[in-house]
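# Coordinates in review
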Number of protein chains: 2
Amino acid sequence: VSLAERRCELPHDRGSTALVVVEEPAAIGSELLDWVEGRSLHVVTSRPILEMHGEEALGGLSRAARDWQVHEVPDGEAAKTPEVAGRLWHDLLAGGARRDSRVLTFGGGSVCDLGAFVAGTFMRGLALCHVPTTLLAQVDAAVGGKSALNLAAAKNVVGVFHHPERVVASTRLLATLPRRELAAGLVEAIKMAALLDLDLLAALERDLDDLLGGAGGPAWADIVAAAQRTKAGVVTRDPREAGERRVLNFGHTLGHALEVDLDFGVLPHGEAVAHGMRFALQLAEARGLDRGFAQRLEALLARLGIPPLPRPDTRNLLRVLQHDKKAGPEGVIWVLPTAPGRWEAARLPGDQVAAELEVFVARHCGAC
Amino acid sequence: VSLAERRCELPHDRGSTALVVVEEPAAIGSELLDWVEGRSLHVVTSRPILEMHGEEALGGLSRAARDWQVHEVPDGEAAKTPEVAGRLWHDLLAGGARRDSRVLTFGGGSVCDLGAFVAGTFMRGLALCHVPTTLLAQVDAAVGGKSALNLAAAKNVVGVFHHPERVVASTRLLATLPRRELAAGLVEAIKMAALLDLDLLAALERDLDDLLGGAGGPAWADIVAAAQRTKAGVVTRDPREAGERRVLNFGHTLGHALEVDLDFGVLPHGEAVAHGMRFALQLAEARGLDRGFAQRLEALLARLGIPPLPRPDTRNLLRVLQHDKKAGPEGVIWVLPTAPGRWEAARLPGDQVAAELEVFVARHCGAC
């Protein structure tokens, strides 16, 4: 893969986002230097990320900025609350942020989601870049212009569209992630590959053990770049999720409900989506999906070594599903594969979903 | 004025806003019936407005909606806080709001600003209508797609662009407003007229005493429609305030700072803007504005009978001005008239502003 293929553009209604994948964190600085130079830079991050990678990844930028301020937020989903957003608004104002200031997120998907929300709502929108440090953020959360907060009863229910100007992902940062977190991130790549990019699916099947085993090296950059390109294509064609962009919700309908039912943070997002994909495959088979393709995806998910699903409260799960923000007047929409690389958006009767869910829980939580 | 002239369209990047001025509140229902029918309708309002005008203005809609929920918020600027927005998000979710639900604001400028922010950020944007009940909201806050929250140290610093689908203003509702509130609302109309629409300025000069004295009748509808049309023209040409839309900030630079310095709510927004316009006229004269036009505007403002400016803390005012969200790297931008119907956006040295402010306060707060 040439370096050119590790860059792509995502055009949107306010301009374009440059998506760049580099290997070494030291290369991040040169990608953002002109964006930061002479500006007031506000970094949204969490302390562990900053301590582990801050100097290496952002040290040069901190010296290039006219003014450099770090806004620490909690790790994980705990960052994505109205309270934390409110604190960040106050801190930006107290820190002298103005319309020409820059916001840079440095962390995982939650930091992206929160930072983009705060940047998108402060003074009706500050310029934003993402420097995602987890696989999940690199292939998914940082790409596509969404932002989000959670409320106690629903995930990602508050948010605006606010596109970053650039996304710079260093794949060397992935080497420090625990295997479980890498696996959770790969779920989002598998999700897109299965319904949109069969070449990427084949590459994931071929390289999965190397990637998870720490022997990934340059393969990571290729996988991340390919997944970003696939997502960017979808978002470009359907920026506001009127149609095709729904495909990215494969596995997320039950996934989000599981996260809410089990309280945010108990189940990592990628793992929740993996369980959701398995459930979607079960629903899809009931609508005629070829068993071979379902087995192929299940086999790939199994290689991730994701822990078994904790037993959910199925009655509560069904209630939470009704709050799904993608539910319309006729009910929840399920993204279901119909064949390799193909999918449909289906509304299913509530009683069918309830019955399938009982089967699913009995099958996957048998021992728990 | 024909009825057709009391309707105009404000095109924007997500469609178009219909701006409609009616006289009787009973006519509001027919303008919104199709928008509400069979939908879940969430009304953001305050209790006094609802008790005084709710049945008359919205009764028909409440029966046409599939589901009707009222979300009460505090009166005035107290509504525009992150805490109230957070409560509304929770209430919308608990009330079963979905992507196809409708949000209708019913109240003054603060209700518009808050309701539009919450609608614009809930599920990344719910459909919105404004039914503004104060003059200020009818001619200004409801028009143009802005939304806003205040933080303790700055006004309107949090917000997104989220255009309403329709704005329906009933001018009969104005008859119940105290004269002081009408006067404050007229300030925004005078602001636009002075720099953009000299016909409107002449109409205001001609009709002002009737309007304030309760003998306005149909004249109100003409004034409101003309002011909306003038603002809609500016917003259409410059939706995101890259240039011409700045003109709407005439009087607002010092005005917002006065509101912050005196704590929100002490000084009604329109009165703060009137003081800000007087200060802008003083600055403009120093840059060569013809004394005759300055005197003409001062005379019109004087007829409003606005109470004298409470003595501000000038040192704090200057500090608050530095936080103005429209400040750029070279300082605060002042919108200053240069001639009747003409204006400039000027950056002034901080020491000049400080000196002029001392003169201004000495001149206008002499007795306090």
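Okay, so let's go over this structure.

### Examining the overall build of chain A
- Looking only at helices and strands, chain A has 13 helices and 11 strands in total.
- Taken against the 2.2 N^0.38 rule, which gives 21 Å for 368 residues, the C-alpha radius of gyration of chain A at 20 Å falls within 12% of a compact globule.
- Looking at chain A residue by residue over its 368 residues, the buried ones come to 63%.
- Contacts in chain A between residues far apart in sequence, at least 24 positions, make up 77% of those at least 6 positions apart.
- Of the roughly 13100 Å² of accessible surface on chain A, a fraction of 51% belongs to carbon and sulfur atoms.
- Of the charged side chains in chain A, 40 are positive and 47 negative; the average position of the first set lies 3 Å away from that of the second.

### Section: the side chain of Glu241(B)
- Relative to the helices and strands, Glu241(B) is located in the loop between α8 (218-237) and α9 (252-261).
- A distance of 2.6 Å separates polar atoms of two side chains, one belonging to Glu241(B) and the other to Lys146(B).

### Quick word on the relation of the copies chain A and chain B
- Take chain A, turn it by 180 degrees, move it 0.0 Å along the axis, and it overlays chain B with an RMSD of 0.0 Å. These values place the two chain copies in the arrangement generated by a two-fold rotation axis.

### Some words on the packing of aromatic side chains
- One pass over the structure, following the stated rule, counts eight aromatic pairs over all chains.
- Residues Phe117(A) and Trp89(B) carry aromatic rings whose centres are separated by 6.2 Å and whose planes lie at 70 degrees to one another, so their mutual orientation is edge-to-face. Pair noted here: Phe117(A) is in helix α4 (residues 109-121) and Trp89(B) is in helix α3 (residues 82-94), and the two residues belong to different chains. We note that Phe117(A), like Trp89(B), is buried.
- The rings of Trp89(A), Phe117(A), Trp89(B) and Phe117(B) are connected pair by pair, giving a single aromatic cluster.
- Sitting over the face of the ring of Phe161(B), Arg124(A) holds its NZ or CZ atom 6.0 Å from the ring centroid.

### Considerations on the environment of Leu174(B)
All names here are of chain B.
- Within the secondary structure, Leu-174 sits in the loop between β9 (166-170) and α6 (179-196).
- For Leu-174 and Glu-344, which are 170 residues apart along the polypeptide, the C-alpha to C-alpha distance reads 33 Å.
- Beyond its immediate stretch of four places on either side in the chain, Leu-174 contacts Thr-133, Thr-134, Leu-135, Gln-138, Leu-182, Trp-220 and Val-224.

### Things to note about the sheet that holds strand β1 (residues 7-12) of chain B
All names here are of chain B.
- Strand order across the open sheet formed by seven strands is β1-β2-β9-β6-β5-β3-β4, with mixed pairing between neighbours. Edge strands, defined here as strands with exactly one partner in the open sheet, are β1 and β4 (67-72). Across the sheet, the mean angle separating the axes of adjacent strands is 20 degrees when strand polarity is ignored.
- Summarising the sheet, strand β2 (residues 15-22) and β9 pair through five bridges and their orientation is parallel. Looking at β9, one finds that Val-20 is bridged to Val-168.

### Points about the pairing of strand β10 (residues 333-339) of chain A
All names here are of chain A.
- Among the seven residues in β10, five count as buried, and that is most of the element.
- By the bridge criterion, six bridges tie β10 to strand β11 (residues 342-347) in an arrangement that is antiparallel. Bridge assignment links Pro-337 to a residue of β11, and that residue is Trp-343.

### Some details on α9(B)
Residue and element names in this part refer to chain B.
- For α9, the tally of buried residues reaches 10 of 10 residues, placing the bulk of the element in the interior.
- Buried within α9 are the following residues: His-252, Thr-253, Leu-254, Gly-255, His-256, Ala-257, Leu-258, Glu-259, Val-260 and Asp-261.
- Against β8 (154-158), α6, α10 (269-286), α12 (314-322), β10 (333-339) and α13 (350-364) lie the buried residues of α9.
- Immediately downstream of α9, the backbone of Asp-263 shows phi near 65 degrees, a positive value.

### Some words on the interface of chain A and chain B
- Counting residues at the interface gives 37 residues for chain A and 37 residues for chain B.
- Linking chain A to chain B there are two salt bridges.
- Close ionic contact of Asp13(A) with Arg14(B) constitutes a salt bridge, the shortest N to O distance being 2.8 Å.
- The interface formed by chain A and chain B holds 10 residue pairs in polar contact (both at pLDDT 80 or more) in total.
- At the level of secondary structure, the elements contributing two or more residues to the side of chain A that touches chain B comprise α3 (82-94), α4, β7 (149-151) and β8 (154-158) of chain A.
- Per-class residue counts for the side of chain A that touches chain B are 18 nonpolar, eight polar and 11 charged.

### What about the side chain of Asp140(A)?
Residue and element names in this part refer to chain A.
- The residue Asp-140 is located in helix α5 (residues 135-141) in this model.
- At 2.7 Å, the side chain of Asp-140 and the side chain of Lys-231 are in polar contact.
- For Asp-140, the contacting residues outside a window of four places in its chain are Glu-188, Lys-191 and Lys-231.

### Regarding the sheet that holds strand β3 (residues 40-45) of chain A
Residue and element names in this part refer to chain A.
- The strand order β1-β2-β9-β6-β5-β3-β4 describes an open sheet built from seven strands, whose pairing is mixed. In the strand order of this sheet, the two ends are held by β1 (7-12) and β4 (67-72), each with one partner. Shown here is a sheet whose adjacent strand axes are inclined to one another by a mean of 20 degrees, direction ignored.
- Taken together, the five bridges between β3 and strand β5 (residues 102-107) define a ladder with parallel strand orientation.

### A closer look at the pairing of β2(B)
Residue and element names in this part refer to chain B.
- Counting buried positions along β2 yields six of eight residues, so the element is predominantly enclosed.
- With six bridges connecting them, β1 and β2 associate as antiparallel partners. Looking at the pairing, Cys-8 lines up with Leu-19 of β2.
- What sits between the antiparallel neighbours β1 and β2 is a turn of two residues.

### Regarding the pattern of salt bridges
All names here are of chain A.
- A complete count under the given rule lists 54 salt bridges over all chains for this structure.
- Between Arg-166 and Asp-34 there is a salt bridge, with the nearest N and O atoms lying 2.8 Å from each other. Here Arg-166 is found in strand β9 (residues 166-170), whereas its partner Asp-34 is found in helix α1 (residues 26-36), with 132 residues between them in sequence.
- Arg-303 is the partner of Asp-209 in a salt bridge, and the nearest nitrogen-oxygen pair spans 3.4 Å. You can see Asp-209 sitting in helix α7 (residues 198-212) and its partner Arg-303 sitting in helix α11 (residues 291-303), a full 94 residues away along the chain.
- Through salt bridges with shared partners, a single network forms among Glu-77, Lys-80, Asp-113, Lys-155 and Glu-259.

Criteria and thresholds
Residues numbered from 1 in each chain as written. Chains lettered and ligands numbered in written order. Predicted model: local features only at pLDDT ≥ 70, side-chain atom pairs only at ≥ 80, totals over all residues. Heavy atoms only, no water. Helix = DSSP H or I, 4+ residues; strand = E, 2+ residues; numbered from the N terminus. Rg over C-alpha atoms; globule rule 2.2 N^0.38 Å. Buried < 20%, exposed > 50% of the residue type's maximum accessible area, 1.4 Å probe, protein only. Contact = heavy atoms within 4.5 Å. Areas by Shrake-Rupley, 256 points an atom, 1.4 Å probe, with all protein chains shown as cover. Lys, Arg positive; Asp, Glu negative; His and termini not counted. Charge placed at Lys NZ, Arg CZ, Asp CG, Glu CD. Polar contact = N/O pair within 3.5 Å; in protein donor to acceptor, adjacent residues only side chain to side chain. Least-squares fit on C-alpha atoms with pLDDT ≥ 70 in both. Phe/Tyr/Trp six-rings, centres within 6.5 Å; stacked < 30°, edge-to-face > 60°. Lys NZ or Arg CZ within 6 Å of the ring centre and 35° of its normal. Pairing = 2+ DSSP bridges. Axes fitted to C-alpha atoms, helices over the stretch in contact; angles between N-to-C directions. Salt bridge = Lys/Arg side-chain N within 4 Å of Asp/Glu carboxyl O. Nonpolar A, V, L, I, M, F, W, Y, C, P; charged D, E, K, R; others polar.

These figures capture arrangement, not role.
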